Amino acid sequence: MSRLDLSGLTVRPAQVWGAVRLVPLVRAEPVAGLRLHRELYEDGPATVRADGRTTYSTTYLPHGFVADWTGDGSPAAAYGSQLTEGRGPVACAPLHFPRKLAQKRRGKGRPSGGSSGSLRFLPLHLALDGYLALHFGGPSIVWEEWTRRAVYEGLTPRAERAYRGEAVPGLDDALRVFEIHPEQCGVLLYVADALAAAFVVPHPDDYRALHASLLQDLYGELLYHYALYGGPVPEFTTRITAEYINSLAQLRSAAERRQQEWADQHAGLMAGELLDESYDVREVYRMGRFRLSRFLPPFALHRTQHIGETITDEKGRVVYLKTFRLSEKQVRRGHVLHRLAAHEWHLGRTAEAMGITVEELARRIRRLGFEGLLKQHA
Amino acid sequence: MESSADLVAAEDVLLFVHAAITSTGQREFHSGAQEQQLSLDFLHAYVRINYRPLYAASLALDINDHNAALIVRGLLETAGEATAQERRAEGRLIAARLARLPAPRVYRLFRALRAAKVNNRRTRAIVRDWLAARPDPALDAVKYRAGLKCAARHAHLPLTGGRGGERKDGDGELGDFLFAPGRRTRFATPLLDAWRRAHYEQGALYELPFTVAEGFASKHGIGRRAFLERIAPRMTRLERLRVQESARAHRAEVPTDLRGMPLTRLASYVLGLSLDDRAARRAELTGALRAAARRTAGAQAGTWGRVAAVLDDSFSTTGSRQKRRRPLATALACHFLLEALAECYLPRWTSGRQDALLAYPYGPTPLGMRLLEALEDAPERLVIVSDGWDNAPPGLAGEVLRIWRTRLDPEHRTSVVHLNPVYDAEDFAVRRLAAAVPTAGVRNAEDLPALVQLARFAEGRTGLAELRAHLDDRVRQFLAEKTDEAGVTV
């Protein structure tokens, strides 16, 4: 369990449009050695294939990210040239198997001799798949309550619904009129002052290129409703008490103090739910000194929690981050699965630990959509 | 002592005037065209119904052409609501304003009047007088064929006779040209005949105005380069500026004198060039902008003392697809104009960049911090050109100005004025920064001196009587001025 380390990123004043509040995160110095850029897939359904022979399903892939890194920490801007290369639609973008979610790009203008390369991955799918495949293996001990399906196939397939950014009312305008700071490397997106998503990249140029991709990301249903019904949020306008100001220098220092206050308040009040939580981080891929991992919250009940994916450097500082806010029901699902797994999928013991009866637990499991996993008599 | 009703009236009228200066009913960075039009229509109706004489008088101010046309249309549509005396005053103002409007805009207005079925005797007289004052009816017939046709039809104008017996088209040639061009095998007026010949003779189209010839050139499949070079002498000043880049791309020679262009147009042109082009042509462009600014400043040049400016070049100055970089162009033009007006000029761009010529819209709007820096220079005048969306941090600019006025400079040693190039459709006004600082709408930097004068009313303390006096003054000047700018300058 560990926390997100956002050191190196400072908060700048928020920009508000309707119900959306965007808080820019600024890096004094871009991270050397890693660049992200976007890969646009052709619109419309794409066929997903695992190995060129087997076609698994047809799905919609709005866009993917490509991470370029250099092993020795030298500036990686040189690989930015790949942005302009004409790329066809991607033939191979596996979605369904966690082990294939991050895929190494083959033979794409990699400089010879350096321990560097590039990795393609689908934003947020890494995190979501981590959540969907939570305790994917299913029960390890066969208790009599469990159906044959649960034993042989685990919990999959599970499905969750999400809204595309374009469907969230007002988000497109908010992103359009947002004024990107020159050194901006990230943004925290609030809808009706609920933290909807955090997005961090290593380099300001990457951010400028990827800013609009927030519109193609996934957002939970809750945020869709917040954006639809939540009224405009107020702007936190600066207030300075005039009585103590006697010179321009004092006015300037007061203004600078307000800026610092905003940064502190934001970290504590608004982004607290994301930053204070400790996460279960699982490494997915190593690339040089960077690690691509996904993280899961502790699934504590009645608390706002986020899942996400991150790239960290050797010191554990966040270089890339993307999060998805879980709804209350999604948290409950994770919670119940966690408790079941902790008690080796034994209903009786789990119920005892949770302080409820077995019937109540079975009812909850059914209500959470895991009905197929239980035998009828349980 | 002013009554509160009077204060409200003064405020309403000023609100309207600033809206009428800035808004063009087109899309802006923060609001769509529909919102702008809806908001503007409401303002027009509100002011027309409540303060009709002031509404008409605003025709004498530097409001933009779009709003001038809307006012004229509004006044003519509701002529029944005015007294005979009011109507006479309105008629004079309308005639004077129409004479200053560009011809396409007037023809569009006539078409709108026709669509709205406004066809009272006064409207017909106005159309008739305006057309009679046009310098070259044949040019209008060729260049604004549809417009003239519509106006003539709507106002029942006899295009035969009544236009001076010595003219060749006195025998109904113009009427035939517009309504039955096949009736004659040739026209006596050279321009009309050129139009007829241009249908089959390539050489004839170079006798036509540029916009008409362009259509024929495309019909005859003439190469762009050859066409531009040969038509160049027939272009108007602004057409030359407009086709500069097209000509450059085709390596055609279209001579133009950038120094003679209006300041804000020139700024727009400069901002349309790529940064590399601007850097390469730095001396030429800076020289042209300075010359235009000096010409605009006129006798006031160098009289403003120590002037500081805070100019907005944040991302929101991108404008919209219809108004590309318009707010930035206004700021750039103001920059050069203030440079000419001031004795000592201290500009500050919000992005912190120094090179005005290479300005481009980028980054947030830290107006508050820039204002602090500008005030530290202890200027006599401070001019802010910004759309008023102060966001890094929000509201700091307002606080700085408020505290500056109340605590640090209560005796007004520094005069501060905020010029806003963008109409905020939601607030029915241009966005203000602080109550203590007057805000005025601005469209063309050329109007800056007049706007600074008008802005003193916007502090909210002047009453209706003073405003009325100011308006009367402007109306008198407006009606007395010669309308020498009408017509197309070739």
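The rules behind the values
- Residues numbered from 1 in each chain as written.
- Chains lettered and ligands numbered in written order.
- Predicted model: local features only at pLDDT ≥ 70, side-chain atom pairs only at ≥ 80, totals over all residues.
- Heavy atoms only, no water.
- Salt bridge = Lys/Arg side-chain N within 4 Å of Asp/Glu carboxyl O.
- Helix = DSSP H or I, 4+ residues; strand = E, 2+ residues; numbered from the N terminus.
- Buried < 20%, exposed > 50% of the residue type's maximum accessible area, 1.4 Å probe, protein only.
- Contact = heavy atoms within 4.5 Å.
- Buried area = accessible area lost by both parts, 1.4 Å probe.
- Nonpolar A, V, L, I, M, F, W, Y, C, P; charged D, E, K, R; others polar.
- Arc of directions from axis to C-beta.
- Core = buried A, V, L, I, M, F, W, Y, C linked by side-chain atoms within 4.5 Å.
- Axes fitted to C-alpha atoms, helices over the stretch in contact; angles between N-to-C directions.
- Parallel < 35°, antiparallel > 145°, perpendicular 65-115°, else oblique.
- Left-handed = near helix turned anticlockwise from the far one by under 90°.

Here we look at the pattern of salt bridges
Residues and elements named next belong to chain B.
Link 1 in the chain: The full count for this structure, using the stated rule, is 51 salt bridges over all chains.
Link 2 in the chain: With its nearest N and O atoms 2.9 Å apart, the salt bridge here joins Asp193 to Arg196. Residue Asp193 and its partner Arg196 are both found in helix 11 (residues 190-198); the two are separated by three residues, about one turn of the helix. Per residue, the accessibility class of Asp193 equals that of Arg196, and both read buried.
Link 3 in the chain: Taken together, the salt bridges that share partners define one network made up of Asp193, Arg196, Arg197, Glu201 and Glu207.

Section: the interface of chain B and chain A
Link 1 in the chain: On the side of chain A, 29 residues touch chain B, which itself brings 29 residues to the contact.
Link 2 in the chain: When chain B packs against chain A, close to 2,700 Å² is buried across both sides, 60% of that on carbon and sulfur atoms.
Link 3 in the chain: Interface area lost by chain B to chain A is led by Tyr362, Pro394 and Arg407 of chain B, which between them contribute 21%.
Link 4 in the chain: Counting across the interface, chain B meets chain A through two salt bridges.
Link 5 in the chain: Between Glu376 of chain B and Arg252 of chain A there is a salt bridge; the shortest N-O distance is 3.1 Å.
Link 6 in the chain: Of all the secondary-structure elements, those providing two or more residues to the side of chain B that touches chain A are helix 19 (367-376) and helix 20 (396-408) of chain B.
Link 7 in the chain: In terms of residues, the side of chain B that touches chain A owes the most to one element, helix 20 of chain B, which gives eight residues.
Link 8 in the chain: Taken together, the residues of the side of chain B that touches chain A sort by class into 16 nonpolar, seven polar and six charged.

Re helix 12 (residues 210-220) of chain B
Three or four residues apart is the spacing at which side chains of an α-helix point the same way, because the helix has 3.6 residues per turn.
All names here are of chain B.
Link 1 in the chain: Taken together, the buried positions of helix 12 are occupied by Phe210, Val212, Ala213, Phe216 and Ala217. Mapping the buried residues of helix 12 onto a view down its axis gives an arc of 150°, with all of them on the same face. Exposed residues on helix 12 whose side chains face more than 90 degrees from its buried face are Ser218 and Lys219.
Link 2 in the chain: Phi turns positive, to about 70°, at Gly221, one or two residues after helix 12.

Details of the nonpolar core
Link 1 in the chain: Counting residues in each nonpolar core, the largest one holds 138 residues, and the members touching the most others are Leu98, Phe110, Leu205, Leu208, Phe227, Leu419 and Leu448 of chain B.
Link 2 in the chain: Beyond its immediate stretch of four places on either side in the chain, Leu419 of chain B contacts Val383, Ile384, Val385, Ser386, Ala440, Val442, Leu448 and Leu451 of chain B.

Observations regarding the packing of helix 15 (residues 263-272) of chain B against helix 17 (residues 282-297) of chain B
Residues and elements named next belong to chain B.
Link 1 in the chain: Between helix 15 and helix 17, whose axes approach to 9 Å, the crossing angle comes to 160°. On the basis of their axis angle, the class for helix 15 and helix 17 is roughly antiparallel. The handedness of the crossing between helix 15 and helix 17 is left-handed. Contacts between helix 15 and helix 17 involve Leu263, Leu266, Ala267, Tyr269 and Val270 on the former and, on the latter, Leu285, Ala288, Leu289, Ala292, Ala293 and Thr296.
Link 2 in the chain: When grouped by side-chain class, the residues that make up the contact of helix 15 with helix 17 number 10 nonpolar, one polar and no charged.

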